[in-house]
Amino acid sequence: MRIYDLYMPKLFYLYEGGLKSLNNGNKFTNMYHCSSCGHSFKSLWDGVGNYYGVRPNDQIIYCPKCGSRFTEVTQKNDFSFMADGEYSPLSMRICLEEYKDSLRLTLSGKEIVCDEDSDYMFHHRLYKETISFNVAQRTAIYKRYINHKLIINYNLCNIFDTSFGRDTNLKFLNHRHITSIYAGDFKKILKLLRERLSKKLESKLKFKIKSMYVCHGNKGSYFIKPILNIAYRLAFTDLNNLSVIDYNYIYRKYPFYYGSADRNFYDLDDAYLSDERLKIISKAKDTISGLLEIANLPNKPVIRRLVKDKPFLLLRHKQIYTIAQGNIDTFNNINNCLEFDFLWRRDIRTLLNQLALISDNWGIEYINALMRWWHNSQDKISCEDAIYMIFKLKDKATLWQEKPAPANLHDYLVTAIYKQEHPFRAFNINDPICRRLAMQFDSIKFYLPENSDVLRNVGKTFRNCVGNYVDAVYTGKSNIVLMSDDNGKLKACIEVQNNKLIQAKLFANKPAHNNRQINDEIIKWADKANINYDNCSDIFKPEKQILPQREAV
């Protein structure tokens, strides 16, 4: 039985095809289709540059057949701008029909398709869309027909499948002048759909169904979010409605980093909520029991409470249960530790993966000790960092073998990761070139660092970047020579390449010529080691005195 019928003869004033650039400068030709008379025509525009590049300049155009006047500045929201292959409805009839165990929403009419390969740019075709809300099977099946041929068919109860927002012509029923005049009809259709569906569900399930209403938002379609929410509640009957913000996150296709502050509702995707799993949820005694069944989780009060609070963090609950090795107390303790607000900084997926490694290698007793340490710690961010740092450690064999206590885990990993990023390397200071560079004067010593640790310590002590020269020294590309006094105090840091003095630095990277005594000692050393320092800007080179020549007798 038909319970509502709405016909909209016009959805847009004008339909615009893709831009085509001509060879005569910034000239563009556009194809247009006038909805008043059905005439297609071309218009030549002068191009204008803006933030998005060069586009046609705004100007008034007239339909050459019916004389309708169009101005993009004032009517752009009621223009349909289509790229090649896109479609928009020319007209639309919306019918709501009620049957014994179902309701069906039907859209039908003509739509226009932009086809740049066509001589006329546009072509028309018939379309029909149906959404069948079946209470007996608790499904909402969406079908789309083109010229009476079925081309799309899927279940709208899978809220993570965002295809509906792209496929349906309902997306064009948004807050525009030409469609907002039907806003009252849209609200009546949706209200009838919610109320009739709720009654049928209550009759089948024998309990009262909460309101299925969700706001459509200030932008976008009047229909898409409300219909998706009705379809979602048809399968997930005893859960709360999704908010407009939830749908915005889903339709923007944010990555689902479960547990982070603004995405704390999801870790599932459209592939996980398959038709088979949706059937299991629909047939279960209640939605929570169905979710626990598809995730293979035990029906325990603690787990039910967490799943009810965050039903679509199902994979997170399942992974935590695996980490806890089936121990409900441990499962609860891990969840309590993950509730701290600083976790928005990280991807909890990585943290849980590291906890899974700890559980596999050190057992449930260590996990319990780790959670106690985390729970009682005053510095909870360091506890979180300690677990994350396991991910950065490439070779974990030594870690699993040594098994540091939870309180020592952070410091252990800091040291291990530093050694990983700064491996120990012994330098060949017995090389003939190195031996030539090392020498001792009266109170000054020139020597070479023996290994990478010495070089990095010099960089920290002398406040320079010489610690980054480990690879260059190890491969023989550069030689670093250190100058100290007779008390062992470092005075200068010198770089030599191919018998040339590249740089000679004092403390904090100051040039050696700032200290004339050290400058002269370096020159003395360079002359004796046969090192060329003519092009080194860090050294002050005294002018050589030219003695007068004796006259010939």
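Definitions and cut-offs
- Residues numbered from 1 in each chain as written.
- Predicted model: local features only at pLDDT ≥ 70, side-chain atom pairs only at ≥ 80, totals over all residues.
- Heavy atoms only, no water.
- 1 Å grid on protein atoms, 1.4 Å probe; cavity = no way out; pocket = protein on both sides within 12 Å on 5 of 7 lines; lining within 4 Å.
- Points joined across faces, edges and corners; volume = space filled by probe spheres on them.
- Helix = DSSP H or I, 4+ residues; strand = E, 2+ residues; numbered from the N terminus.
- Nonpolar A, V, L, I, M, F, W, Y, C, P; charged D, E, K, R; others polar.
- Buried < 20%, exposed > 50% of the residue type's maximum accessible area, 1.4 Å probe, protein only.
- Polar contact = N/O pair within 3.5 Å; in protein donor to acceptor, adjacent residues only side chain to side chain.
- Contact = heavy atoms within 4.5 Å.
- Phe/Tyr/Trp six-rings, centres within 6.5 Å; stacked < 30°, edge-to-face > 60°.

K.L.:
Could you give an account of empty space enclosed by the protein, naming the residues involved and the relevant values?
P.N.:
Tallied over the full model, the rule gives one cavity of 30 Å³ or more. Of the pockets and cavities examined, the largest cavity occupies roughly 40 Å³. Taken together, the elements giving at least two residues each to the lining of the largest cavity come down to α9 (301-309) and α10 (314-323). Broken down by class, the residue content of the lining of the largest cavity amounts to one nonpolar, two polar and four charged.

K.L.:
Please provide a residue-by-residue account of the side chain of His 33, values included.
P.N.:
Looking at the element boundaries, His 33 is found in strand β4 (residues 27-34). For His 33, a relative accessible area of 3% puts it in the buried group. A polar side-chain atom of His 33 sits 3.0 Å from a polar atom in the side chain of Ser 40. Separated by 3.5 Å, the side chains of His 33 and His 124 make a polar contact. With residues up to four places along the chain from it excluded, the contact list for His 33 reads Tyr 13, Leu 14, Tyr 15, Gly 38, His 39, Ser 40, Leu 90, Ile 112, Phe 122 and His 124.

K.L.:
Any chance you could break down the packing of aromatic side chains for me, citing the residues and the numbers?
P.N.:
Under the criterion given, the structure shown has 20 aromatic pairs. Centre to centre, the rings of Phe 12 and Tyr 15 are 5.5 Å apart; their planes meet at 70 degrees, and the pair counts as edge-to-face. A ring pair is formed by Tyr 232 and Phe 312, whose centres lie 6.2 Å apart and whose planes are at 55 degrees; its orientation type is tilted. Of this pair, Tyr 232 sits in helix α5 (residues 224-235) while Phe 312 sits in the loop between α9 and α10, and the two are 80 residues apart along the sequence. Considered together, Tyr 232 and Phe 312 belong to a single accessibility category, that of buried residues. Every member of this aromatic cluster is reached through a ring pair, and the members are Phe 160, Tyr 232, Phe 236 and Phe 312.

K.L.:
Summarise the environment of Val 458; cite the residues concerned and give the values.
P.N.:
With respect to the helices, strands and loops of the structure, Val 458 is situated in helix α17 (residues 452-462). Judged by its relative accessible area of 8%, Val 458 is buried. Residues Val 458 and Leu 482 lie 24 residues apart in sequence; the distance between their C-alpha atoms is 9.0 Å. Ignoring any residue separated from it by four or fewer positions in sequence, one finds Val 458 in contact with Arg 463, Asn 464, Val 466, Leu 482 and Leu 490.

Purely geometric stuff here, so don't read any function into it on its own.
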